[in-house]
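Observations on the model geometry
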Amino acid sequence: MPHDPAFATPGRFFKGNLHTHSNRSDGALAPEAVCAAYREAGYDFLALTDHFLDKYGFPIVDTRPFRTNAFTTILGAEVHAPATSLGELWHLLAVGLPSDLAPTTKDETAPDLAKRCLAAGAFLAIAHPGWYGLTKADADTIEGAHAVEIYNHTSQIRTDRGDGGVLLDQLNAAGRRIGLCAVDDAHFHCRDYFGGFVMVKAVDNEPEALLSSLKTGAYYSSQGPVIESVAYGEDSVEIACSPASAVMVLGRGSRAAQHVGSDVTRVTLPLGVVRAGGFARVVVADNEGRRAWTNPVWW
Ligand SMILES: [Zn+2]
Ligand SMILES: [Zn+2]
């Protein structure tokens, strides 16, 4: 019987945004102001992930000075390499990088860059696949990635291409075991912040503990709804959440079970057809259409 580590791991939930830009690359605000905005909005942590490109001086911004007793930061970057199958620059989200990561070279491929970030200790996500038409064949080359961005808030606001669920499900249907995350990718040129976040289960709000939980999938992702518990049994899954209009469990292809209603806070859904497909993930949607997503589990 699988268990979802977000709910089976001891600790408490810490709210964070994993993908953010400052004026050290193409964002509008200084790093200190970005950290302050998230801290004042009630976030427990932030990863500032400026574009790791020559034209910006390959920044891995030191956000440690902006930590407080109740707010921490994880160092990271959005790293780039040529080229996707559509001939565009790759975008990969690397959270938990050393500040002295060596710059990329012109001939470093995306798979090699991904390996280098993973070896350096990063949580690695395939960023905004919808935004730039990333294909499954592209994603297949990024071995060891922990997650696909299922929701990228700035991509949604600016291009209506914020979704990554189709790619995520195709990868898992093909036998890969990869998680998901929701992020802002905030640049602060418009209201592209506070739209997608992660809730990480950890023993304390320290970068190492948060990073460890991210890598083991001990977190869920959300635009607002709260998922209180998810317990997989032999034949069913029990879900407790903030008042929802739909609670569903999704699996391979069209496999799904759901309860649609109003102010749903506790649901037991049958697993039979989903379990037979090899993996399952839970989605909770509220009355405003905001969603929360658990990481997949596998049989
Ligand atoms: Zn990007
Ligand atoms: Zn970005």
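What comes next is a walk through the structure. (Residues numbered from 1 in each chain as written. Chains lettered and ligands numbered in written order. Predicted model: local features only at pLDDT ≥ 70, side-chain atom pairs only at ≥ 80, totals over all residues. Heavy atoms only, no water.)

Turning next to the overall build of the chain. Of regular secondary structure, the chain possesses 8 helices and 16 strands. Against the 2.2 N^0.38 benchmark of 19 Å for 299 residues, the chain shows a C-alpha radius of gyration of 18 Å, consistent with a compact globule. By its C-alpha atoms, the chain is 55 × 40 × 35 Å across when sized along the principal axes. Nonlocal contacts in the chain, meaning residues at least 24 apart in sequence, comprise 66% of its contacts between residues at least 6 apart. Of the roughly 11900 Å² that the chain leaves accessible, carbon and sulfur atoms contribute 50%. (Helix = DSSP H or I, 4+ residues; strand = E, 2+ residues; numbered from the N terminus. Rg over C-alpha atoms; globule rule 2.2 N^0.38 Å. Contact = heavy atoms within 4.5 Å. Areas by Shrake-Rupley, 256 points an atom, 1.4 Å probe, with all protein chains shown as cover.)

Let's shift gears to the coordination of the zinc ion (ligand 2). Ligation of the zinc ion (ligand 2) by protein atoms is provided by His19 (NE2), His21 (NE2), Glu78 (OE) and Asp185 (OD), these donors lying 2.0 to 2.1 Å from the ion. Its 4 donor atoms give the zinc ion (ligand 2) angles of 81 to 170 degrees at the centre, a pattern that matches the irregular case. Taken in sequence order, the residues that donate to the zinc ion (ligand 2) follow the motif H-x1-H-x56-E-x106-D. The metal-metal distance between the zinc ion (ligand 2) and the zinc ion (ligand 1) is 3.5 Å, with Glu78 coordinating both. As far as the burial class goes, His19 and His21 line up, both buried. (Donors = N, O, S within 2.8 Å, 3.2 Å for Na, K, Ca; no water. Tetrahedral: all angles 85-135°; square planar, octahedral: opposite > 155°, others 65-115°. Buried < 20%, exposed > 50% of the residue type's maximum accessible area, 1.4 Å probe, protein only.)

Turning to the pattern of salt bridges, a few remarks are in order. As enumerated under the stated definition, the model contains 7 salt bridges in all. With a closest N to O distance of 3.9 Å, Asp44 and Arg12 form a salt bridge. Of this pair, Asp44 sits in the loop between α2 (31–40) and β2 (45–48) while Arg12 sits in strand β1 (residues 12–17), placing them 32 residues apart in sequence. Where Asp140 meets Lys136, a salt bridge forms, and the shortest distance between an N and an O atom there is 2.9 Å. With Asp140 and Lys136 both in helix α4 (residues 136–140), this residue pair falls 4 residues apart, about one helical turn. You can call Lys136 partly exposed: its relative accessible area is 27%. (Salt bridge = Lys/Arg side-chain N within 4 Å of Asp/Glu carboxyl O.)

Put simply, Pro82 and Ala83 share a cis peptide bond, and its omega is -20 degrees. If you trace the backbone, Ala83 turns up in the loop between β4 (72–81) and β5 (90–95). With a phi angle near 55 degrees, Asp185 is a residue other than glycine that sits in the positive phi range. Its location among the elements puts Asp185 in the loop between β8 (179–183) and β9 (197–202). A positive phi is found at Asp263, a non-glycine position, where the angle reads about 55 degrees.

Time to look at the coordination of the zinc ion (ligand 1). Taken together, the protein donors to the zinc ion (ligand 1) comprise Glu78 (OE), His91 (ND1) and His128 (NE2), at separations of 2.0 to 2.2 Å. What makes His91 buried here is its relative accessible area of 11%. A relative accessible area of 3% means that His128 is categorised as buried.

Attention now goes to α2. What α2 keeps buried is the set Pro31, Val34, Cys35, Ala36, Ala37 and Tyr38. For α2, the elements touching its buried residues are β1, β2 and β4.

Moving on to the side chain of Thr49. Summarising the element assignment, Thr49 is placed in the loop between β2 and β3 (51–52). The exposure class of Thr49 is buried, given its relative accessible area of 0%. Excluding anything up to four places from it in sequence, Thr49 contacts Leu18, His19, Thr20, His21, Gly76, Ala77, Glu78, Leu93, Ala94 and Val95.

Next up on the list: the packing of aromatic side chains. By the definition in use, this model includes 15 aromatic pairs. One aromatic cluster is present, built from ring pairs that chain together Tyr38, Tyr43, Phe188, Tyr193, Phe194 and Phe197. Arg39 extends its terminal NZ or CZ atom over the ring of Phe71, reaching a point 5.9 Å from the ring centre. The ring of Phe13 carries the charged tip of Lys201 above its face, separated from the ring centre by 5.0 Å. (Phe/Tyr/Trp six-rings, centres within 6.5 Å; stacked < 30°, edge-to-face > 60°. Lys NZ or Arg CZ within 6 Å of the ring centre and 35° of its normal.)

Core analysis: the biggest nonpolar cluster contains 39 residues, and Tyr38, Val247, Val249 and Val284 have the highest contact counts within it. Of all the secondary-structure elements, those providing two or more residues to this core are α1 (5–8), α2, β2, β9, β11 (227–232), β12 (236–250), β13 (256–270) and β14 (279–285). Top element by residues in this core is β12. It accounts for 6 residues. Sequence-distant contacts of Val249, that is, excluding residues within four places in its chain, are made with Val237, Arg255, Ala256, Ala257, Leu269, Pro270, Leu271, Val274, Ala280, Arg281 and Val282. Judged by nonpolar contacts, the second largest core, of 36 residues, contains Ala94, Leu101, Leu168 and Val283. (Core = buried A, V, L, I, M, F, W, Y, C linked by side-chain atoms within 4.5 Å.)

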